[in-house]
Every structure is written in C-alpha cells, then in structure tokens.
Amino acid sequence: MGRYIIVRLCHAAIVLAVVTVLVFVIARLIPGDAIMAAMAGSVDMSDASVVKTVRATYGLDEPLPLQFLTWLERFVTGDWGTSLGTGEPVLNMFLSRLPVTLELFAGATLWSLAIGLPVGLIGALKRNSGTDVVLTAGALLGVSLPSYWEAIVLIYLFAVLLPILPPSGYVPFAEDPLLNITSMILPSFVLGTHSAGLLARYVRGSLLEVLGQDFIRTARAKGLRERSVVIWHALKPAMIPIVTIIGLSWGGMLAGAFFVEVIFALPGLGRMSVDAIFQKDFPVIQATLIAVSVNVLLVNVLVDILYGYLDPRVRIR
Amino acid sequence: MTARLQVRDLVVEYRTRDGVVRAVNGISFDLHRGEILALVGESGCGKSATALAMLRLIPDPPGRIVGGEVLFDGLDLLKADDAQIRAVRGNRIAMIFQEPMTSLNPVHTIGDQVGEPLRLHRRLTRPAAIARSIALLGTVNIPHAEARIGDYPHQFSGGMRQRAMMAMGMACVPDIIVADEPTTALDVTVQAQLLDLLKHQVDTHGTSILLITHNLGVVARYADRVNVIYAGRVVEAASADALYARPTHPYTIGLLRSVPRLDQPATETLAPIEGQPPDPLDLPAGCPFHPRCPLATAQCRREPPPLRAVGDAHHVACWVAAHG
Amino acid sequence: MSEVVGATPARPAAGRSPLMSLVLAVGRHRLASVGLVVVALLSLVALLAPLLAPYSPYEQDLYNVLSGPSPAHWLGTDNVGRDLLSRLIYGTRISLFVGIVGTLLSAAVGVTVGLIAGARGGLVDAIIMRITDAFLCFPPLIFILAMSAALGPGIHNVILSFALFGWTGFARIIRGQVLLVRELPYVEAARSIGMSPLRIMWRHILPNTLAPIIVAVSISIGLAILVESGVSFLGLGVQPPTASWGKELRVGFTYIETVPLFSIVPGLLIALAVIAFNFIGDGLRDALDPRLRGAMGRS
C-alpha cells in the first residue's frame, strides 16, 4: 500500500510539472505584452526607456525558460505576484475568495450525493422499467443542461415568480447564518445537479455490472434477502469506480463555478477568474489554472488512496 | 420411499435479442436421500439452467421459469413466497458454483463469506460464525485455516477457492447440495479430492447431491444415477451402472464413444458426434437429436419421442432405440 | 448461465455492414432515436435559416424593443428590436458549426497523436500520455476560457481552443484501441508479410477504432455546443452583431424579470441540442459496448 501511494504521488508530480509549463505557455500566448497593455494607462509608453524599465521590472526581458524558472520559484514560495487589475497580492485575493467557493462546493457535493446516489440506485434496481427510463433521461438532462440556463430558470422561479429565495448576493456565515444558507441554496443546487447526473449514471452502470457478477448469484443462493445482497455484496464493489467520479466531479464543478458565481454574484474564485480573464490579468489567470490543476491532481491521488482502501486487490500490492 | 426432491416438467426460457430460447424444455427427475444424481450434457444443453431454476436463481430478465414444479419438503419451490425460498436457499439446499474465481465476492474475506450462511440461517454471531468457518475450512483441507480466514479470495489459489466454496455450501449441513460443474477449472488430482469431499458428505450426513457436469469420467466414478440432457430435455435416465453397461440413446452412445477409455483397445478410434448442437433459437422438429443421429427415421423427424422405460429404472426418449 | 446464451450463435444478417447494423442499433434505442430526430431537425433549421427566418437577424425595429411574443414576432424582440426567433434560427448555424468543426479538428489531432503514441510505444508514448494527463487536469471550460482570453475573443478562437483541448479524449481512445488491436493475430500476420506500418494502420487499425470514435464524436459535438454557448454567454465568444444562443441568453438574462422568454428559449435550444447529441452518443455506446451488451443477454 505504501509503495502504491508513492507511485501515485510520483505520477502526479510529473503531471504537475507538465501542467506548470502548460500554464506558463498559455499566459504568454496573450498577444502583445499584457503588462505593457495594462501599464499603458499609467506611464508614457512612447518613451522607450520607460518601456525598458517596466519590462525589466517584470523580468520580461529575460529569456523565456529563465522567466519560467523564476516564476515557478516564486510561485512555490508563495509569491504569486500582484494582480494587474487590483494591485493586490494574488495569494491574498485567492485566500479571501476561497471560503466562498468551498462553501459552494460543499453544498453542491451534498446536493449531488443526495440526488445522484438514490437516482442511480433505483435505476439499477428497477432496470429497464419505466422508472428507469425516466431516471436515466433525467440524469442525462442533469448532465446536459447548461448550468447558466438552469441558474436563470431557477432565479426566475424562486426569486421572481415565487420570491422565497434571494436572487443573488453573498453574506458571510458569521454575519447572518440564515441569509448565508438561503443565498447558497440555489447556486449549490445548480452546481450539484450537473454532477448528480454524472453520479447517477455511473452508480447505475457500476451497480448493474456488479449485480450481474457471479458472486451476487452466490449471495442469493445463500438465502440472503435482496436488500442484503445489494447492501452487503453489491454496494461496496460498485462504489469503487464511483469514488473516481466523485473525485472527477470536483474538477467539473470548478468550471460550473465560473458561471454560477457570476450569475449569483458570489465573490468566489470563479468570479475572480472570469474578471481576470476579461482584464487579461495573467498573474491571476496563472494562479487559478495552477490551483485548479493542483486541486484536481490532489483529489485524484486521494481517490487512488481511497480506491486502495476499498479494493483489497489493490491494497495488498 | 418418496423422493426428497421432485422436479416435474420444468420449463425455462430466455428472451434474447433474436428471439425466445427454451433452455429447459420439460425436464423431470427425482432426487433421493443420500444419492448422487448426475445431470450430463454438452454446454448449453440446459443442465445449469435446471439447477438455477430449482432455487429460482435464474436472472430475470432475460430468463424466466415458464412452467413446472419443484417439490421439496411439501413445498413447491417455484410457487413459494420470498421468505420460504430464502429459508431453503443455502440452508436446506446449497449450491456450489463453477468459476470459484468470480463466484466469491472480491471485497469480503473468505471467513465472512463462508460464515455468512451460518449467521443468516443459524443466527450465529460473527465471532462464532468465523470460528465455525475455520473448522469448515479445515474439513475441506485448507492448510492453516486459522491464519487464512482473514484472506481475500484473490489471495487463494483456484483449488483453495473452490474448497472455500464447498465449505460455504456445507456450512448449514444442507439436505441437498447442487454442484454446478464444481471441478471444471481444476486439475485432475484436485478434482478427485474435492469430489471425495462431496462423497464424504453423502456418507456421513445422508446429503443428496445433484452433480452437474459434462465430464463422463466423473459421472462414472461418483454418480449413482445419471440423466443425460440434450437440447433442454432428458433423453436417457438410468443408474450409472446401467448407463455405462447398456447405453441406449444414440446420443448417449455417441457421448461415451467420444471419451477415451483405458480399458479400450488402442486400435479402436474415438468417434466424435457428427454435427453441431442445435441452435436453441431454431430447434428441429421431432426429436431434437435427429439431424445428428445415424439412426434417424421419418418418425424421428416428425414427432418428439417421449421418455419410455426400456429396463428396470432405465428410461430413454428415442423412437428407434425403444423399438429395438 | 453463460452456456445457454454463449451457445447462441451471433447471427449477423446477411450483407449487413458493421456501420449499418450500428445505425440500426441506434434506431432501436429509444432515447437515441429521439436524439437523431432532434439533430436532423436542427440541421435542417441551420441549412434553411434564410428561408425559415421571418426577418433578417440584424434588422432593428427601435420602436419595438423587448416586445414579448406577438403575431409579428412570435418570440418577441430583443433589446434593440431584432426578431428573437430569427436570431435564434441563425444562432443554430453558429452552434452546429462550432460543434462540428471544433470536434472534427480535435478528432483529427487526437487520432493522429493517439496513433503515434500507440504505434510507437515506449518513451514517445509515455511522454504523450503524461501530456494528455496534464490537459485532463483542467476542466474543459476553464482551459478554453483561458485560451480564449489569451487568443482574444471570437468564434474562430473558440473553435481553435476547443480543438486544442478536445484532442486528449480522442488520443486516449485511439491509443487504447491501437494497443488492443496491435496484438491481434491478423495484424501480426500483416506485419509478418512485410506490410508497412503506415499501411497496417490505415488498413487494419483505423477501421477497428471507428466505432468508439463515432461515439466520442457525438458526445464531443454536444460538449462543443455547450462550450461555445458558455463562452459566448460570458462575452468571449461570438462578437456582436452575430447571433448565438449563448449570447442571446446572456442579454436576455438582464431582462429576466420583464421578458423571461428572452433568456429561457435560447437556453432551451442549447439544452435540446446538447441532450440530443448525448442521447445519440449513449445509444451508440450501448450498441457498441460488448460488456453492456453481455449484461443485457446474460447478467
């Protein structure tokens, strides 16, 4: 098990290295010097010596590989640069917006589990019935609906037609716990339904596959009731691949958070990234991309470890 | 003496994409106390479906038990309610499956799986069930059973897994053990050990065994009586001795000829049965064996032959053999 | 019970090509046939847009803005008085164009890379696979948004960034298939008679990978449509005055309290298109996945 984890970590480290190069390249793709563009308002760009000083200040006159290494070293030591838009240190911006996004994700994960698991379970147990077809189509609907549209419809229904929930905005939990929760219901639901659809599909597929296995027949031949067969013999092996989906859906949620935070005016990482993209604020874009990929990688490693815990065939190795 | 288990006119169908397959087409037999009855036939002849149907373990969909009776202890298992059939499964009638690799749950320990019938039907606590499982694994000759009880199936060899399956089947000392190709995947010496274990169970507890196999050598050595199955029907039923001494149905004769025997002169060549098993979607009219049968007559092509007595407790479904 | 069904010979109808039987299998699939009908309708709308649209998508009627449904404007007018129905009909062209071209580009890149990785193996394969892993760390939309930001707004950059991201899925599928097919006896045989590697790929490996690629293409088109409308929704995709479902949705969102139809209808269209392609992909997958097929037959 120890070696297994180490192998997974090494794998993740290599991928991370490729990711950092990729992110650096993307940021440098911005046509013209983004920094020059951003500074154009404040300094006189027609003066060649000023331009030179600015370039030197930001290290833009050095060769690209060197720029990359300097950037990487600073990034690892916590110096994420300053935002070209707000002038704030990127790390501070990041940390101040993180709690909002985390709360959103926690709520979304709850919704996704609360909807996805039962829908997948029922679909598998009643497979090919009318219920199953309806649930399968519903799950596919959850996957395919654009989250921004779902958000708009829900705002229209629950904030305009039937004004029981706030249409948008964010209040910290410490300030007003009730308002904090109610303002999170719609955004987290929108974010959760997408992964709920994915989850339901995989739960159904995985459970059906396990229920067709020979050892399920063995369990039935022992005289177990169907409920016990499912709970004791089918669920655990079926959950093994599902863990992956729960992990992967975190990555997907980040993309959804871009829209959800914009539409519901939540001051989280998604909103910050969209603003940064519009302002070509590339220190912030870089930080977001890295944070996202590190998050996805970490979740994947966690999933692998959980995998090992759930599946004895992996654990022993 | 009435039989312990009576199967009457069992019919099982599978719905496939290309049509309905009648896998079991009116099979009947009795199983008495302390006897080993073998169901013999080629792959796909319906012998496994018969075994599964007895305990209503046919996966539905696509399978369905269309008709018949399975009488056990005054109860028709095909009509019993859920609680009744569950009380029989694993307790009074246990099954041992082929493919021990896939028939054991990979995420539970051997001990938990072997002890599960005891916890279920004997209401043993987990520690008591584990203790009993250790003893059971000992009786099926698993070395160091106590140390291996917490192992997972993938840590066992194929032979050990099949022993564990047997221990699981014997756990509640059932009246009947249904063994579906219990030794197919194993090498010959292990096969013999395992079948001896089953035989021992018969001798000590009067257990009845329904042995499902395509291996005529195994049948000759262990079975008391044999039912030969072809295309979902019993074509010949006899005591093992009678069957080997006087095989009557052309299919049985063909089967026996296609098996090499030590007491056979080396000059005699093996004779495989001509042709292919019938397409279950498109069974021939009349006797299902007639396209492959060297003796087939016009009647064979028209009417299916009924099972008729040709000797003492020896029945055969054949127009030609029954006449002759 | 494997025996019973296992003995059932697979009975391919005479003269039916694999592709044809695939189409038939999709037709049998309830949800997939719904998807096929929807996609056919949308394609028709895109092709015949000039005939179907009652107005030009750019014709402004400034005395009649945000009108709501009327006999003259079935879906009402937008904030500068353009006919919403006409704009949505023309928007179909954009969505399908991005979906299909983006997918074809990424499939072309992915198939090439996957073939190279699978056929070469060794270090080349390892490097390529780590790179695809790195791409998979980014959720598609985030990557494409960052790319769109870097390349500047516009429909062509959306397509380009989708292709730059989307190839990884195709590459993985192809690589897996190549590894699988490479060991098959008839490929070994082809190699043994001295067939060139390129010819082997073209003649033997590519046809075998066709089925999973078709599934991936169908799902990828749905994803590309979703991405285009998402990027346009945020304002980085299609630029004014061109009509796109995502952009109409964004503008409509501003007026949700007064003319809800303005944002709800474009969203419905996006959802419809994406769901249709996903239904088809699902049906294809069910028809192709031998494991699922097995589960239907035996369980």
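Residues numbered from 1 in each chain as written. Chains lettered and ligands numbered in written order. Predicted model: local features only at pLDDT ≥ 70, side-chain atom pairs only at ≥ 80, totals over all residues.

### Side note on the overall build of chain C
- Looking only at helices and strands, chain C features 13 helices and 0 strands.
- Counted from the first residue to the last, chain C has its helices and strands arranged as α-α-α-α-α-α-α-α-α-α-α-α-α.
- Across the 299 residues that make up chain C, the buried fraction comes to 47%.
- For chain C, the share of sequence-separated contacts (at least 6 apart) that also reach a separation of at least 24 residues comes to 71%. (Helix = DSSP H or I, 4+ residues; strand = E, 2+ residues; numbered from the N terminus. Buried ≥ 20, exposed ≤ 12 C-beta atoms within 10 Å, placed from the backbone. Contact = placed C-beta atoms within 7 Å.)

### Focus on the sheet that holds strand 5 (residues 75–76) of chain B
Residue and element names in this part refer to chain B.
- The strand order across the open sheet formed by 4 strands is 2-1-4-5, and the pairing between neighbours is antiparallel. Each end of this open sheet is capped by a strand with a single partner; those strands are strand 2 (19–31) and strand 5.
- Two strands pair when backbone bridges link them, and strand 4 (residues 63–72) and strand 5 are joined in this way by 2 bridges, in the antiparallel orientation. Across the sheet, Phe 72 pairs through a bridge with Leu 75, a residue of strand 5. (Pairing = 2+ DSSP bridges.)

### What to know about the sheet that holds strand 10 (residues 233–239) of chain B
Residues and elements named next belong to chain B.
- Sheet architecture is open: 8 strands sit in the order 6-7-8-3-9-10-12-11, paired in mixed fashion. Across the chains shown, the open sheet's two edge strands, defined by having one partner strand only, are strand 6 (93–96) and strand 11 (308–311). Across this sheet, the average inter-strand angle for adjacent strands is 20°, counted without regard to direction. (Axes fitted to C-alpha atoms, helices over the stretch in contact; angles between N-to-C directions.)

### Remarks on the environment of Ser218(C)
Residue and element names in this part refer to chain C.
- With respect to the helices and strands, Ser 218 occurs in helix 10 (residues 197–234).
- Look at Ser 218 and you get buried, because 24 C-beta atoms sit within 10 Å.
- Not counting chain neighbours up to four residues away, the residues in contact with Ser 218 comprise Phe 277, Ile 280, Gly 281 and Leu 284.

### Focus: the interface of chain B and chain A
- Across the contact, 23 residues belong to chain B and 18 residues belong to chain A.
- Elements that contribute at least two residues to the side of chain B that touches chain A include exactly helix 2 (82–88), helix 3 (100–103) and helix 4 (110–121) of chain B.
- Among the elements that take part in the side of chain B that touches chain A, helix 4 of chain B stands out by supplying 4 residues, more than any other.
- Class assignment for the residues of the side of chain B that touches chain A results in 12 nonpolar, 7 polar and 4 charged. (Nonpolar A, V, L, I, M, F, W, Y, C, P; charged D, E, K, R; others polar.)

### Considering the interface of chain A and chain C
- Contact with chain A, which involves 42 residues of that partner, is made by 42 residues of chain C.
- Counting residues per element, the ones that place at least two in the side of chain A that touches chain C are helix 1 (2–28), helix 6 (130–144), helix 7 (147–161), helix 8 (177–211), helix 10 (226–263), helix 11 (269–278) and helix 12 (282–310) of chain A.
- Among the elements that line the side of chain A that touches chain C, the one with the most residues is helix 7 of chain A, at 7 residues.
- Its residues assigned to classes, the side of chain A that touches chain C shows 35 nonpolar, 5 polar and 2 charged.

### Quick look at the nonpolar core
- In this structure, Ala151(A), Ala167(B), Leu210(B), Leu211(B), Ile142(C), Leu145(C) and Ala146(C) are the most contacted members of the largest nonpolar core, which totals 254 residues.
- With 16 residues, the top contributor of residues to this core is helix 10 of chain A.
- Shared between two domains, this core takes at least three residues from each, and those domains are domain 1 (2–76) and domain 2 (96–278) of chain A.
- Once residues lying within four places of it in the same chain are set aside, the contact partners of Ala146(C) are Ile26(A), Ile277(A), Ile285(A) and Leu289(A). (Core = buried A, V, L, I, M, F, W, Y, C linked by C-beta atoms within 7 Å. Domains from an automatic or database assignment.)

### Examining unusual backbone geometry
- Phi angles above zero are rare outside glycine, and Ala265(A) is one such case at about 50°.
- When you line up the elements, Ala265(A) lands in the loop between helix 10 and helix 11.
- Among the residues examined, Ala265(A) registers 14 C-beta atoms within 10 Å and is labelled partly exposed.
- Located in the positive-phi region is Ala231(B), a residue other than glycine, with phi close to 50°.
- Within the fold, Ala231(B) resides in the loop between strand 9 (225–230) and strand 10.

### Details of the environment of Leu9(A)
- Along the chain, the position of Leu9(A) falls in helix 1.
- Placed 291 residues apart in sequence, Leu9(A) and Asn300(A) show a C-alpha to C-alpha distance of 9.8 Å.

### A look at the domain arrangement of chain A
- Looking at chain A, the domain boundaries give domain 1 (2–76) and domain 2 (96–278).
- Computed over C-alpha atoms, the centres of domain 1 of chain A and domain 2 of chain A are 36 Å apart.

### Observations concerning the confidence of the model for chain C
Residues and elements named next belong to chain C.
- Averaged over all residues, the pLDDT of chain C is 78; the fraction at 70 or higher stands at 88%.
- Here residues 1–15 scores under 50 on pLDDT; set against residues more than four positions off or in separate chains, the count is 31 contacts.
- Considering only residues more than four positions removed or in separate chains, one finds that residues 290–299, a stretch of pLDDT under 50, has 12 contacts.
- Model confidence for the complex is summarised by a pTM of 0.75, with the ipTM given as 0.83. (pLDDT = per-residue confidence, 0-100.)

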